[in-house]
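Here are the chains, one letter per residue:
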Amino acid sequence: QVQLVESGGGLVQAGGSLRLSCAASGRTFSSYVMGWFRQIPGKEREFVATINRSGGATVYADSVKGRFTISRDNAKNTVYLQMNSLKPEDTAVYYCATGRWIATRLEEYDYWGQGTQVTVSS
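The rules behind these values
Residues numbered from 1 in each chain as written. Predicted model: local features only at pLDDT ≥ 70, side-chain atom pairs only at ≥ 80, totals over all residues. Heavy atoms only, no water. Phe/Tyr/Trp six-rings, centres within 6.5 Å; stacked < 30°, edge-to-face > 60°. Helix = DSSP H or I, 4+ residues; strand = E, 2+ residues; numbered from the N terminus. Lys NZ or Arg CZ within 6 Å of the ring centre and 35° of its normal. Contact = heavy atoms within 4.5 Å. Polar contact = N/O pair within 3.5 Å; in protein donor to acceptor, adjacent residues only side chain to side chain. Salt bridge = Lys/Arg side-chain N within 4 Å of Asp/Glu carboxyl O. Buried < 20%, exposed > 50% of the residue type's maximum accessible area, 1.4 Å probe, protein only. Core = buried A, V, L, I, M, F, W, Y, C linked by side-chain atoms within 4.5 Å.

S.K.: Help me get a handle on the packing of aromatic side chains, residues and values and all.
M.R.: The geometry of two aromatic rings is summed up by the distance between their centres and the angle between their planes. Throughout the structure, instances matching the rule amount to 4 aromatic pairs. Measuring from centroid to centroid gives 5.0 Å for Phe37 and Tyr109, while their planes differ by 75°, and the two rings are edge-to-face. In this pair, Phe37 sits in strand β4 (residues 33-39) while Tyr109 sits in strand β10 (residues 109-112), placing the two residues 72 residues apart along the sequence. Each member of the aromatic cluster is reached from another via a ring pair, and the members are Phe37, Phe47, Tyr109 and Trp112. Seen from the ring of Tyr95, Arg45 lies directly overhead, with NZ or CZ sitting 3.7 Å from the centre. The side chain of Arg45 reaches across the aromatic face of Trp112, ending 5.1 Å from its centre.

So this is what it looks like as structure tokens:
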């Protein structure tokens with residue numbers, strides 16, 4: 001069992017930056033692939049980014065490529081999502097999740113955090 005807690009969400013102006021954190025409990029954080037997803041009001045949850053166990057490989061959704069960066073610190077049991085050049089359409093609840101391999105489908109992730117709200121104003 002893994003418990004995940006997201007933090008760092010809030011209100012930011014368009015063009016601004018925000019960094020989300022996801023802290024994991026347990027002793028085996030480094031054994032998990034980690035992913036970020038988001039859910040925009042009225043829409044299905046969608047893939048944002050994922051990172052492999054060592055942090056050496058990443059995959060991004062086209063909508064955030066070049067603006068968002070996923071990273072991890074295994075010593076701190078934490079995965080991050082640095083969000084730059086934020087747009088109003090980035091407004092969503094952001095979730096982190098654990099996986100077993102690099103994947104973009106939410107069905108391939110196992111444990112989920114409670115989410116953190118990001119609101120981008122224009």
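This is not the end of the story, as more comes after the structure.
S.K.: Requested: an account of the environment of Glu6, with residues and values cited.
M.R.: Along the chain, the position of Glu6 falls in strand β1 (residues 4-7). In sequence terms Glu6 and Ser25 are 19 residues apart; their C-alpha atoms lie 12 Å from each other. Once residues lying within four places of it in the same chain are set aside, the contact partners of Glu6 are Ser21, Cys22, Trp36, Tyr94, Tyr95, Cys96, Gly113, Gln114, Gly115 and Thr116. A polar contact is formed between the side chain of Glu6 and the backbone nitrogen of Gln114, at a distance of 3.0 Å. Side-chain polar atoms of Glu6 contact the backbone nitrogen of Gly115, separated by 2.8 Å.

S.K.: Please provide a residue-by-residue account of the pattern of salt bridges, values included.
M.R.: If you walk through the whole model with that rule in mind, you get 6 salt bridges. Put simply, Glu46 and Arg38 hold a salt bridge, and the shortest N to O gap is 2.8 Å. Judged by its relative accessible area of 29%, Glu46 falls in the partly exposed class. In this structure, Arg38 engages Asp90 in a salt bridge whose closest nitrogen and oxygen atoms are separated by 2.9 Å. On the criterion of sequence distance, the pair formed by Arg38 in strand β4 and Asp90 in the loop between β8 (78-83) and β9 (92-99) is long-range, its members being 52 residues apart. Across the pair, Asp90 and Arg38 agree in class, each one buried. Within this structure, Arg38, Glu46, Arg67 and Asp90 form a network of salt bridges that share partners.

S.K.: I'd like to hear about the nonpolar core, residue by residue, with values.
M.R.: Core analysis: the biggest nonpolar cluster contains 35 residues, and Trp36, Val79, Leu81, Met83 and Tyr94 have the highest contact counts within it. Filtering out sequence-adjacent residues up to four positions away, Val79 remains in contact with Leu20, Ser21, Cys22, Phe29, Met34, Trp36, Ile51, Ile70, Ser71, Arg72 and Cys96.

S.K.: Summarise the side chain of Arg38; cite the residues concerned and give the values.
M.R.: Relative accessible area serves as the criterion here: at 4%, Arg38 is assigned to the buried category. A polar contact is formed between the side chain of Arg38 and the side chain of Ser63, at a distance of 3.5 Å. A distance of 2.9 Å separates polar atoms of two side chains, one belonging to Arg38 and the other to Asp90. Setting aside chain neighbours within four positions, we find Arg38 in contact with Glu44, Arg45, Glu46, Val48, Ser63, Val64, Phe68, Glu89, Asp90, Ala92, Val93 and Tyr94.

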